[in-house]
Amino acid sequence: MTAISSVGVVGLGSMGLGMARSLLRAGLPVWGYDIREDVCQAFVAEGGQPVTALANSAASGDLLFIVVVNAAQTEQLLFGEQGIAARLRPGAVVIACATISAAAARRISARLAEQQVLMLDAPISGGAVRAAAGELTIMASGPAAAFERAETALAAVAAKIYRLGDEAGQGSQIKLVNQLLAGVHIAAAAEAMAYGIRQGCDPQALYDVISHSAGNSWMFENRVPHLLAGDYQPRSAVDIFVKDLGLVLDSAQDAVFPLPLTASAHQMFKQASAAGLGREDDIAVAKIFPGIRLPSAANEEM
């Protein structure tokens, strides 16, 4: 294994912070950066290396995890005003974890190659709980040299690491398939619960039965408890699926490939976002259904 002098994590949100902590637990020298200064200071207090300037920290590191929302933020960090890419040492590895299109992954990888920087197209799955436990699933593609240099760090943050090819794009494409399924399953779970409640089913009994029956899904079992508790604090927000299912549909449009279920789910999330629910937990898509009272004293009848 290649010795690591420094690992950076840019984006200390619910996923990135868990990953940074997992890297620390593995004994790696880790610095973390976020636009929220209080989060950065809290990470330093946990043992993270302090960051005086993002570009300077990036220049001294071997590996850089970028855990932001989309391709635009990834490219802005690397090639925008901060200009991180130009400061990275030759042979450094950027591990791009955002959910982006395959085309964007290939574009970013090509631009980094001009700076003699390697990239792993490495979107992640598992949620904040698995990120905190170092048990993510990583679906990655990129050159063998990048995998070799990042091996220890990847093992620290993930329980499953899938090597999907030597070129950027395949990791992101498989993540989009995952997001297609996740978004459709959440929308279906919301619709099923709304239908059951409208037909007079007890919400808790409905969840208990379905979660132990053939109609269950991981998303139903994971998200419906939020609905039952009336807890819409975002673990993953409605607007995430507005974005991600939009990426899926855009890629299908380029291929002239029909995705009717994805299109319906996307419209449901867009309707929820338009109603002001975009920053709520993604199961808040259930609130778009009329004539029901969801399980919370704070909820008004929809």
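Since this is a predicted model, take the numbers as computed values, not measurements. (Residues numbered from 1 in each chain as written. Predicted model: local features only at pLDDT ≥ 70, side-chain atom pairs only at ≥ 80, totals over all residues. Heavy atoms only, no water.)

### Let's talk about the packing of aromatic side chains
- This structure, assessed with the given rule, holds 2 aromatic pairs.
- Between F241 and F269 the ring centres are 5.3 Å apart and the planes differ by 25 degrees, which places this aromatic pair in the stacked class. Pair noted here: F241 is in helix α12 (residues 238-255) and F269 is in helix α13 (residues 260-277), with a separation of 28 residues, a long-range link.
- The exposure class of F241 is buried, given its relative accessible area of 2%.
- Residue F269 is classed as buried on the basis of its relative accessible area, which comes to 0%.
- Residue placement shows R111 over the ring face of F79; its charged tip is 3.9 Å from the ring centre. (Phe/Tyr/Trp six-rings, centres within 6.5 Å; stacked < 30°, edge-to-face > 60°. Helix = DSSP H or I, 4+ residues; strand = E, 2+ residues; numbered from the N terminus. Buried < 20%, exposed > 50% of the residue type's maximum accessible area, 1.4 Å probe, protein only. Lys NZ or Arg CZ within 6 Å of the ring centre and 35° of its normal.)

### A word on the layout of surface pockets
- Of the pockets and cavities examined, the second largest pocket occupies roughly 170 Å³.
- H185, A188, A189, A192, M193, L206, I210, G215, N216, S217 and F220 together form the lining of the second largest pocket.
- For the lining of the second largest pocket, the residue count by class is 7 nonpolar, 4 polar and no charged. (1 Å grid on protein atoms, 1.4 Å probe; cavity = no way out; pocket = protein on both sides within 12 Å on 5 of 7 lines; lining within 4 Å. Points joined across faces, edges and corners; volume = space filled by probe spheres on them. Nonpolar A, V, L, I, M, F, W, Y, C, P; charged D, E, K, R; others polar.)

### Remarks on the sheet that holds strand β8 (residues 158-163)
- Within the open sheet, the 3 strands sit side by side as β6-β7-β8. Their pairing is mixed. A strand with exactly one partner marks an edge of an open sheet, and here the two such strands are β6 (124-125) and β8.
- Both strand β7 (residues 136-140) and β8 contribute to a ladder of 5 bridges, which runs parallel. Among the inter-strand pairings, A140 is bridged to a residue of β8, identified as R163. (Pairing = 2+ DSSP bridges.)

### Some remarks on the side chain of D34
- The topology assignment puts D34 in the loop between β2 (30-33) and α2 (37-45).
- There is a polar contact of 2.8 Å between the side chain of D34 and the backbone nitrogen of L12.
- In this structure the side chain of D34 is engaged in a polar contact, spanning 2.8 Å, whose partner is the side chain of R36.
- Residues in contact with D34, not counting those within four places in the same chain, are G11, L12, G13, V39 and C40. (Polar contact = N/O pair within 3.5 Å; in protein donor to acceptor, adjacent residues only side chain to side chain. Contact = heavy atoms within 4.5 Å.)

### Things to note about the UniProt feature "domain: 3-hydroxyisobutyrate dehydrogenase-like NAD-binding" (unreviewed entry) in the protein
- The positions that UniProt labels "domain: 3-hydroxyisobutyrate dehydrogenase-like NAD-binding" (unreviewed entry) are, in the present scheme, residues 169-288.
- Regarding residues 169-288, the helix share stands at 70% and the strand share at 0%, and the terminal C-alpha atoms are separated by 35 Å. (UniProt positions renumbered as here; feature names shortened; annotations may be inferred.)

### A closer look at helix α8 (residues 144-157)
- Taking 1.5 Å per residue, 14 residues should reach 20 Å; α8 reaches 19 Å between its end C-alpha atoms and fits that length.
- Buried residues of α8: A146, F147, A150, A153, L154, A156 and V157, and no others.
- Next to the buried residues of α8 lie α1 (14-25), β3 (63-66), β4 (93-96), β5 (118-121), β7 and β8. (Expected span 1.5 Å × (residues − 1).)

### Examining the pattern of salt bridges
- Scanning the model with the defined rule gives 8 salt bridges in all.
- A salt bridge links R36 to D34; the nearest nitrogen and oxygen atoms lie 2.8 Å apart.
- Judged by its relative accessible area of 11%, D34 falls in the buried class.
- Between D231 and R235 there is a salt bridge, with its nearest N and O atoms 2.7 Å apart. (Salt bridge = Lys/Arg side-chain N within 4 Å of Asp/Glu carboxyl O.)

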